Amino acid sequence: MGALYLASKLEECPIRMRDLVNVFDLLLKRAAHSAKAVTNPNIQEFTYHPMSYFGDTFYDLKEALVVAEMQILKRLGFNVHVT
């Protein structure tokens with residue numbers, strides 16, 4: 001998630017952090033549902049319920065995104081220009 005956010009910042013139109021967090025939340029919930037469906041075939045079809053923007057889940061994912069981006073930048077030495 002951090003790498004995708006950092007890569008989008010280098011483009012003309014960077015994506016919003018909220019959009020990226022929403023997409024990853026959907027992907028994580030879908031993956032968890034698929035894992036449950038493998039073990040129990042009687043599980044119903046996947047339905048997505050968006051998270052609250054003022055809840056702990058959103059702020060936890062947002063904080064993880066910022067930490068991941070900073071770790072990548074630190075490892076790259078803040079050199080993000082491609083030659």
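Everything quoted here is computed from the prediction, not taken from an experiment. (Residues numbered from 1 in each chain as written. Predicted model: local features only at pLDDT ≥ 70, side-chain atom pairs only at ≥ 80, totals over all residues. Heavy atoms only, no water.)

S.K.: It is not clear to me how the pattern of salt bridges should be interpreted in this structure. Could you clarify?
M.R.: Any two side chains of opposite charge can pair if their charged atoms end up close together. Evaluated as defined, the whole model comprises three salt bridges. Where Lys9 meets Glu69, a salt bridge forms, and the shortest distance between an N and an O atom there is 2.7 Å. In this pair, Lys9 sits in helix α1 (residues 2-9) while Glu69 sits in helix α3 (residues 56-76), placing the two residues 60 residues apart along the sequence. Overall, the relative accessible area of 42% leaves Lys9 in the partly exposed class. Between Lys29 and Asp25 there is a salt bridge; the shortest N-O distance is 3.5 Å. With Lys29 and Asp25 both in helix α2 (residues 17-39) and four residues apart, this pair spans about one turn of that helix. (Salt bridge = Lys/Arg side-chain N within 4 Å of Asp/Glu carboxyl O. Helix = DSSP H or I, 4+ residues; strand = E, 2+ residues; numbered from the N terminus. Buried < 20%, exposed > 50% of the residue type's maximum accessible area, 1.4 Å probe, protein only.)

S.K.: Would you explain the nonpolar core in this entry?
M.R.: Side chains of nonpolar character tend, in soluble globular proteins, to be buried together. One finds Tyr5, Met17, Leu20, Val21, Met51, Phe58, Leu61 and Leu65 forming the largest nonpolar core, which totals eight residues. For this core, the secondary-structure elements that each account for two or more residues are α2 and α3. Discounting residues that sit within four places of it in the chain, Tyr5 has contacts with Ile15, Met17, Leu20, Leu65 and Glu69. (Core = buried A, V, L, I, M, F, W, Y, C linked by side-chain atoms within 4.5 Å. Contact = heavy atoms within 4.5 Å.)

S.K.: Help me out: how do you make sense of the packing of aromatic side chains in this one?
M.R.: When we look at a pair of aromatic rings, we describe it by the centre distance and by the angle of the planes. On inspection of all chains with the given rule, the structure shows two aromatic pairs. In textbook terms, an aromatic cluster arises when at least three aromatic residues are bridged by ring pairs, as seen for Tyr53, Phe58 and Tyr59. Lying over the aromatic face of Tyr53, Arg18 brings its terminal NZ or CZ to 4.1 Å of the ring centre. (Phe/Tyr/Trp six-rings, centres within 6.5 Å; stacked < 30°, edge-to-face > 60°. Lys NZ or Arg CZ within 6 Å of the ring centre and 35° of its normal.)

S.K.: I keep staring at the packing of α2 against α3 and nothing clicks. Help me out?
M.R.: Between α2 and α3, the least distance of the axes is 10 Å, while the angle of their chain directions is 110 degrees. For the element pair α2 / α3, the angle class is roughly perpendicular. The element α2 and its partner α3 pack so that their crossing is right-handed. Where α2 approaches α3, its residues Met17, Arg18, Leu20, Val21, Asp25 and Leu28 are matched on the opposing element by Phe58, Leu61, Lys62, Leu65 and Val66. A breakdown of the residues in the contact of α2 with α3 according to their chemical character gives eight nonpolar, no polar and three charged. (Axes fitted to C-alpha atoms, helices over the stretch in contact; angles between N-to-C directions. Parallel < 35°, antiparallel > 145°, perpendicular 65-115°, else oblique. Left-handed = near helix turned anticlockwise from the far one by under 90°. Nonpolar A, V, L, I, M, F, W, Y, C, P; charged D, E, K, R; others polar.)

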